[in-house]
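# Examination of the molecular architecture
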Amino acid sequence: MKNICSFFCIALLFVSCQEKVDNSAQLKFEENSKIVLANLQQWQDEDMDYSVYADDFVMYETMFGADKDTITLEEMKASDKRTWDYFDFKMLNEPVLLPGVNPETKEPDGSVRHYSTWEVTLPGTDSTEARSGKIKLYESFDFNDEGKIVYQQVYGDFTGLLRHLMTKEEASEDDGAMAEE
């Protein structure tokens, strides 16, 4: 009995000396993931709530041949409107959400990355048929201490998608097959 008590006391001492795990980055990631999921749904619905963006928000411009490296929130709003005027968007899968890390410390920081596949459609007109293509995206969102998005970037083969959607019907079947992959 004395050995059992001694073992229990040593185990208790060992457990009480363990460093507490800081799960604040995981909690931030979970909260920020809700914002990202809502953001993706709003993009699809063409009804964005821009109040989740910080006033000093910056989006990294990843398109080939972009005139500048970043765009502001106001520029993004205008770009979103123009994009929705031309195309319809449908997310084809549940996005795979992953926690991000601080680029300097390499420690989790509550940022959110995701992989998703979208179907983008150029609606038909009186003289043209609708055209659709699929694009796989990687996107990241960084947040400030108030839980607002301060930095966003998205990567995908937008040039190939736009080429596919905007090419006339005479385009070779190989071009369409590449854009559909």
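Residues numbered from 1 in each chain as written. Predicted model: local features only at pLDDT ≥ 70, side-chain atom pairs only at ≥ 80, totals over all residues. Heavy atoms only, no water.

### Thoughts on the overall build of the chain
Secondary structure assignment for the chain yields 5 helices and 7 strands. Secondary structure elements in the chain, listed N-terminal to C-terminal, are α-α-β-β-α-β-β-β-β-β-α-α. Taken over 181 residues, the chain has a buried fraction of 31%. Looking at the chain alone, contacts between residues at least 24 apart form 57% of all its contacts between residues at least 6 apart. Total accessible area computed for the chain in this model is approximately 12400 Å², and 55% of it derives from carbon and sulfur atoms. (Helix = DSSP H or I, 4+ residues; strand = E, 2+ residues; numbered from the N terminus. Buried < 20%, exposed > 50% of the residue type's maximum accessible area, 1.4 Å probe, protein only. Contact = heavy atoms within 4.5 Å. Areas by Shrake-Rupley, 256 points an atom, 1.4 Å probe, with all protein chains shown as cover.)

### Re the side chain of Asn-32
Examined against the element boundaries, Asn-32 turns out to sit in helix 2 (residues 24-45). For Asn-32, a relative accessible area of 6% puts it in the buried group. In this structure Asn-32 touches Gly-110, Val-112, Phe-143 and Gly-147, once residues within four positions along its chain are discounted.

### As for the packing of aromatic side chains
For any two aromatic rings, the description comes down to two numbers: the centre-to-centre distance and the angle of the planes. Under the defined criterion, the tally for this structure stands at 7 aromatic pairs. Relative to Tyr-53, the ring of Tyr-50 lies with its centre 6.1 Å away and its plane at 40 degrees, an arrangement referred to as tilted. The structure contains a cluster of three or more aromatic residues connected by ring pairs, namely Trp-43, Trp-84 and Phe-89. (Phe/Tyr/Trp six-rings, centres within 6.5 Å; stacked < 30°, edge-to-face > 60°.)

### Focus: a nonpolar patch on the surface
The grouping of Met-63, Leu-162 and Met-166 at the surface amounts to a nonpolar patch, some 250 Å² of accessible area in total. Mapped onto the elements of the fold, Leu-162 is located in helix 4 (residues 158-166). (Patch = residues over 30% accessible without salt bridge, like charges linked within 9 Å, V, L, I, M, F, W, Y side chains within 5 Å. Salt bridge = Lys/Arg side-chain N within 4 Å of Asp/Glu carboxyl O.)

### Focus: a negative patch on the surface
A cluster of acidic side chains, namely Asp-45, Glu-46, Asp-47, Asp-49 and Asp-88, defines a negative patch on the protein surface. If you trace the backbone, Asp-88 turns up in strand 3 (residues 88-91). (Lys, Arg positive; Asp, Glu negative; His and termini not counted. Charge placed at Lys NZ, Arg CZ, Asp CG, Glu CD.)

### A closer look at unusual backbone geometry
Only a minority of non-glycine residues have a phi that is not negative, and only a minority of peptide bonds are not trans. Located in the positive-phi region is Glu-46, a residue other than glycine, with phi close to 55 degrees. Position of Glu-46 among the secondary structure elements: in the loop between helix 2 and strand 1 (53-60). In this structure Glu-46 comes out as partly exposed when scored by relative accessible area, which is 31%. Even without being glycine, Lys-106 reaches a positive phi, approximately 65 degrees.

### As for the nonpolar core
Tyr-53, Met-76 and Trp-118 are the most contacted members of the largest nonpolar core, which totals 29 residues. Of all the elements in the fold, those that place two or more residues in this core are helix 2, strand 1, helix 3 (73-86), strand 3, strand 5 (108-122), strand 6 (131-143), strand 7 (149-155) and helix 4. With near-sequence residues (within four places) excluded, Met-76 lies in contact with Tyr-50, Tyr-53, Phe-57, Met-59, Ile-71 and Gln-152. (Core = buried A, V, L, I, M, F, W, Y, C linked by side-chain atoms within 4.5 Å.)

### Some remarks on the environment of Ser-140
Examined against the element boundaries, Ser-140 turns out to sit in strand 6. As for Ser-140 and Leu-98, which are separated by 42 residues in sequence, their C-alpha atoms are 9.3 Å apart. Residues in contact with Ser-140, not counting those within four places in the same chain, are Val-112, Arg-113, Tyr-151, Gln-152 and Gln-153.

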